[in-house]
Amino acid sequence: MTTSTWWASETFWRKTAIWVTAGSLVVLIVLTFDSMAQISAGTKRVPAYSVINNRIEYKYDEQRHAQVPVIGKEEPLFGKKLTEQEAEALVSKGKLTTQAKNCMDCHTLLGNGAYYAPDLTKAWLDPFWGSRAAREELMVEFIKDPSTRLHNGLGRRMPKLGVTDEEARAVVAFLKWMSSIDTNGFPTNFKPLDQEN
Amino acid sequence: MTALGKLDSANLNGGQKLAVKYFSVALVLFGAQVAFGLLAGLQYLMPDFLYGVLDFSINRMVHINAMVVWMLFGFIGSVYWMLEEESGIPIVGLKFGNLIFWIFTLAVLVVVAVYLLIQVGPGEQSTIWLITEGREYIEAPRWADIGIVVCVLTVFYNVAATFAKGKWTGIGGVLTLDMIALFAIYMAGMFYTANISIDQYWWWWVIHLWVEATWEVMVGCIMAYGLMTVLGTSRKIVETWLYIEVAMMFGSGILGIGHHYFWIGTPEYWLSIGGFFSALEPIPLVAMVVHAVFDSGVNKMRNTNHPAMGWLIAQAFGNFFGAGVWGFMHTLPQINLYTHGTQWSASHGHLAFFGAYATINIAFFYIVMQKWRGNVWMSGGLFGGWKWKWSMLLLNLGMVGMTIGMLVAGYEQSQIERAIEGSTWSGFFAAQSHVWFQQGMFWREVFGGMFAVGYILLVWDLLTIGKRETRAALSASGKR
């Protein structure tokens, strides 16, 4: 190539590559600081872990044109009100259990993971559990041994993963807390469990 | 071994002898990826198949982890392959490099054995340190994470020290900087938090910034070397293109990470940033197609290695369609709201990883075999030339078939599960039971079988190509 036009020169593009990369990285880092501040537990978007002491709803917001989680009246998980520290320890145990059992390689969480089993983002609010009164214990029993329970008409079943009673309760706490995260309306058109009766 | 003819290592320089070890492991892991993919795919059709023995989660984890590692091994092999030619001197600290290869390979074997035999652990920190971290793509336990960082630091040392002592080239400079980014980013995933939004935020730094930024730049370097080797394109041209690609790739890809921050709790501004920058992401991929096709045309397709050239062109188009078009189709938030976490993602994932990364590695395997055989003829009229053509056809057709099967299933899922039923448990299974979904999964498995046959043929071809060849290679400048 004998051309010497600036836009075809190696030097021009090398400099462009360096500046574009550095510029993008700086913007990403600035946005990361802002995002971290907005998604720490205890913020508007990601509520404190003690939110599991309250009812969580998922309602359509006219202004945002999307469904958003709404934190309702006091409704402690398993009937026991927890301090912020106790709640964090319980949710953390549940999150750790979901990792230890590799939930994400069948399910999606916040829509990320594998596509073999239902999304868990709003599992706490799923009408599958039937009623508010039965939900907590049903979830615990299901997580401990799902293999013999009816899932669907396909014959696809979750295996028994050796989850203890303590771990299963922690997983339910984690799922309840996760359902309170503001996910910009994902999943959309979700019809939550009726929690009024 | 006589059936394979003579593979003479005297034809290779020090780095290339190490590279072929990496390539050998990569090829075996490619096979593991295909095998476990077939098992997982079959479980969609026969849910009781291996239930409780090798569950879907395990097969799927091994399927994608084998892929990540074989591609990484392929890239590391490619780097070692070109290092001495680029820098003009023998590799600095090659002994360490060799030692690390064995440690790395052993670690991979241990991790896979634990995945298969132990599978899951109690909900304790010890599980994520010793068994699995349970985070898609980077399930490897923490001890292995640390091992990976140590291994790649050694590779980086080999690369940086060799270029520093020898001469820097454009490819060398980009490669070295890219490797720093590659390894630094990996560490963003090495911590535990109860906060799943923060967890997934950093998890995407690893996954997205790897595959949609640093890996693509790595591919740019390999493509530059490949075109110089196979077509004889001048260094000035490939390096200028490489800088253009880096500028566009990082310029769109770094902030394109925003398309993973739509629905994980992160602020709403990511909807605009992610939508805009990810819409730009196909542009560098178009540039790469133009580059590869234009250079081939300038040379009237006259090249030293037909199989490698075929796969380089397949890479250009596969990258554009798989990563570019298939990604763009569902990247805007208005659409992604309905496609996120459905078979759409699987469809895109398959075509993109194959199109962008499997192809370039296969192209490189052929460049390697040619040199290993003593720089033999690999242009028109090859002995047994049907094998590379048929394996290429079966692999590509198999992949396109799988992609379409999953795409049909994904459309149906977006409509029934996401739009109508709103992603409830019953909505999920209503979509999974639908005949269109089931047909999609059936054809995916059939084409997966075709892909597997293509893989077997590929291995056979790589092991035997050029073994009876006595003609010398066509020289890249056009004369024999």
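Quick caveat, the model's predicted, so the values are computed rather than measured.

(A) Structural view of the interface of chain A and chain B. On the chain B side, the residues contacting the 72 residues of chain A number 67 residues. Looking at the side of chain A that touches chain B element by element, the count peaks at 15 residues for helix 1 (residues 10-39) of chain A. Among the residues making up the side of chain A that touches chain B, the classes are represented as 35 nonpolar, 22 polar and 15 charged.

(B) Broad picture of the domain arrangement of chain A. For chain A, the assigned domains are domain 1 (12-39) and domain 2 (49-178). Averaged C-alpha coordinates put domain 1 of chain A and domain 2 of chain A at centres separated by 36 Å.

(C) Fine view of the packing of helix 1 (residues 14-45) of chain B against helix 13 (residues 343-372) of chain B. All names here are of chain B. With their axes 11 Å apart at the nearest point, helix 1 and helix 13 run at an angle of 135° to one another. Taken together, the axis directions place helix 1 and helix 13 in an arrangement best described as oblique. Classified by chirality, the crossing of helix 13 by helix 1 is left-handed. Touching V20, F23 and A26 of helix 1 are N361, F365, V368 and W372, all from helix 13. When grouped by side-chain class, the residues that make up the contact of helix 1 with helix 13 number six nonpolar, one polar and no charged.

(D) Structural context of the packing of helix 2 (residues 56-87) of chain B against helix 5 (residues 142-165) of chain B. All names here are of chain B. Between helix 2 and helix 5, the shortest axis-to-axis distance is 10 Å and the interhelical angle comes to 15°. If you check the angle between helix 2 and helix 5, you find them roughly parallel. Note on packing geometry: the crossing formed by helix 2 with helix 5 is left-handed. Residues I76, V79, L83 and S87 of helix 2 pack against V155, V159, T162 and F163 of helix 5. Residue composition of the contact of helix 2 with helix 5, grouped by class: six nonpolar, two polar and no charged.

(E) Summary view of the environment of G422 of chain B. Structurally, G422 of chain B can be placed in the loop between helix 14 (386-420) and helix 15 (425-433). Using a count of 19 C-beta atoms within 10 Å as the deciding quantity, one classes G422 of chain B as partly exposed. The spatial distance from the C-alpha of G422 of chain B to the C-alpha of Y338 of chain B is 9.2 Å, given a sequence separation of 84 residues. If near-sequence neighbours (up to four positions away) are discounted, G422 of chain B is found in contact with P187, T188, N189, F190 and K191 of chain A together with G427 of chain B.

Definitions and cut-offs
- Residues numbered from 1 in each chain as written.
- Chains lettered and ligands numbered in written order.
- Predicted model: local features only at pLDDT ≥ 70, side-chain atom pairs only at ≥ 80, totals over all residues.
- Contact = placed C-beta atoms within 7 Å.
- Helix = DSSP H or I, 4+ residues; strand = E, 2+ residues; numbered from the N terminus.
- Nonpolar A, V, L, I, M, F, W, Y, C, P; charged D, E, K, R; others polar.
- Domains from an automatic or database assignment.
- Axes fitted to C-alpha atoms, helices over the stretch in contact; angles between N-to-C directions.
- Parallel < 35°, antiparallel > 145°, perpendicular 65-115°, else oblique.
- Left-handed = near helix turned anticlockwise from the far one by under 90°.
- Buried ≥ 20, exposed ≤ 12 C-beta atoms within 10 Å, placed from the backbone.

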